[in-house]
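What follows is the residue order along each chain.
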Amino acid sequence: PSISSFDNIVPFQSVECSVTHVLDGSLVLEVAGGYTASCAPPHLKRPSDGLEEYNKKSLKGRVIWVRQDEKQVGVSLKRSLLKCDQPPQGGYEIGEIFEESEVIRSEMRGLFLKLRDNLISYCPLQNVSDYSLNKLGKPHRRGTTHKCRVISYNALDDMVVVSLRPSVIEEKFLNFQFVKVGDVVTGNIVSRSEKGLLVSFSPHVKGFCPKGHFSDRKNQSKSKQRKLQEGCEDTFRVLKIEARQRVTLTHKKGLVRSTHPVLSEYSSAVIGQCYHGVVAGVREFGCVVKFFQAVRGILHKSRLQLMPSQPISDLLCEG
């Protein structure tokens, strides 16, 4: 059916399409009774299809974007978007590495690769190599195989996005989800404030080291303080992970170098096992000890080798 006004065309609308031209990287279609639209290769019925296969055909499509100021419309021919009855592509995990992915289509802006049966992915040009590429050549022609890593999923395109860059494939902390409590990380100090250090230990992940976790000693020496400056690289350990992608780090060598198990859950505590922790407070009955992920314990003064009437503060202090 025709649409009386361009203003009435909206995203996700179902439209009848007629292919009028085949360009080098897209289809030009007439939709809704005379308006011009385009369809990019990711939105063909199958990414491996040749554009010429669609020439002069009439098809059903779904509007995925509209640019009112330029009177442009983007259309998808994918069945998953037309019928809205298919779940997103499965059979993969973010961060998963595929040793041999086959190029099924190569174009100016990137590659379409087959990871396994019925699992198609897309690699943008900027993710093909660690070096800057202006175009793709013979090493990436159709039929070649490459090692790649899944970095995201584009719900609108219903497409898995991958990277062929060796630095991405080898990156331990691809994103926040790959960081675990207790991980020892090497990072660069991005900035320093009165509250602590902002540390980058991955191109995609940063953490914060509070001032109280700069050193095992409460009063850090000036020489140590000079080492923890903006631009310096040092070793830290993930102390706590919170919602909203907040990572807390520690620089206390006792925790960073500890070979004891990481105690990050009360349920994982084992009687008789040794754990490293930090004194969080000194009380009359003893002291409060904080472990990883905000797990706390009590060290009773009867467990300390104190002389009669000797205060706990002679042996222990906060931090």
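Here, the structure is the one placed above.
Residues numbered from 1 in each chain as written. Predicted model: local features only at pLDDT ≥ 70, side-chain atom pairs only at ≥ 80, totals over all residues. Heavy atoms only, no water.

(A) Molecular detail of the state of the cysteines. Under the definition given, this model contains 0 disulfides. A disulfide-free cysteine, C274 has its sulfur positioned 15 Å from the sulfur of C287, the nearest such atom. (Disulfide = S-S within 2.5 Å.)

(B) Examining the side chain of S76 more closely. Position of S76 relative to the elements: it lies in strand β5 (residues 72–76). The residues touching S76, leaving out its near neighbours within four places in the chain, are H43, G61, R62, I64, L81 and L82. (Helix = DSSP H or I, 4+ residues; strand = E, 2+ residues; numbered from the N terminus. Contact = heavy atoms within 4.5 Å.)

(C) Summary view of the nonpolar core. If you look at the biggest cluster of nonpolar residues, it comprises 19 residues, and the most contacted ones within it are L27, L29, V31, Y54, V73, V75 and L77. When contributions to this core are tallied by element, the ones reaching two or more residues are β1 (14–22), β2 (27–31), β3 (35–39), β4 (58–67) and β5. Sequence-distant contacts of V31, defined by excluding residues within four places in its chain, comprise V15, E16, C17, A37 and V75. Core analysis: the next-biggest nonpolar cluster, separate from the first, contains 17 residues, L197, V205, C209 and L249 among them. (Core = buried A, V, L, I, M, F, W, Y, C linked by side-chain atoms within 4.5 Å. Buried < 20%, exposed > 50% of the residue type's maximum accessible area, 1.4 Å probe, protein only.)

(D) Highlighting the pattern of salt bridges. Under the criterion given, the structure shown has 5 salt bridges. Residues D130 and R165 are paired through a salt bridge, measuring 3.1 Å at the closest nitrogen-oxygen approach. Here D130, found in the loop between β8 (119–124) and β9 (145–154), pairs with R165, found in the loop between β10 (159–163) and α2 (166–170); they are 35 residues apart in sequence, far enough to count as distant. We classify R165 as partly exposed; its relative accessible area is 25%. With a closest N to O distance of 3.8 Å, K253 and D234 form a salt bridge. (Salt bridge = Lys/Arg side-chain N within 4 Å of Asp/Glu carboxyl O.)

(E) Structural detail: the sheet that holds β9. The sheet built from 5 strands closes into a barrel, its strands ordered β6-β7-β8-β10-β9 with mixed pairing. On average, each strand axis in the sheet is tilted by 50 degrees relative to the strand beside it, whichever way the strands run. Alignment of β8 against β10, held across 2 bridges, turns out to be parallel. Considered in β10, the bridge of Y122 is made with V161. (Pairing = 2+ DSSP bridges. Axes fitted to C-alpha atoms, helices over the stretch in contact; angles between N-to-C directions.)

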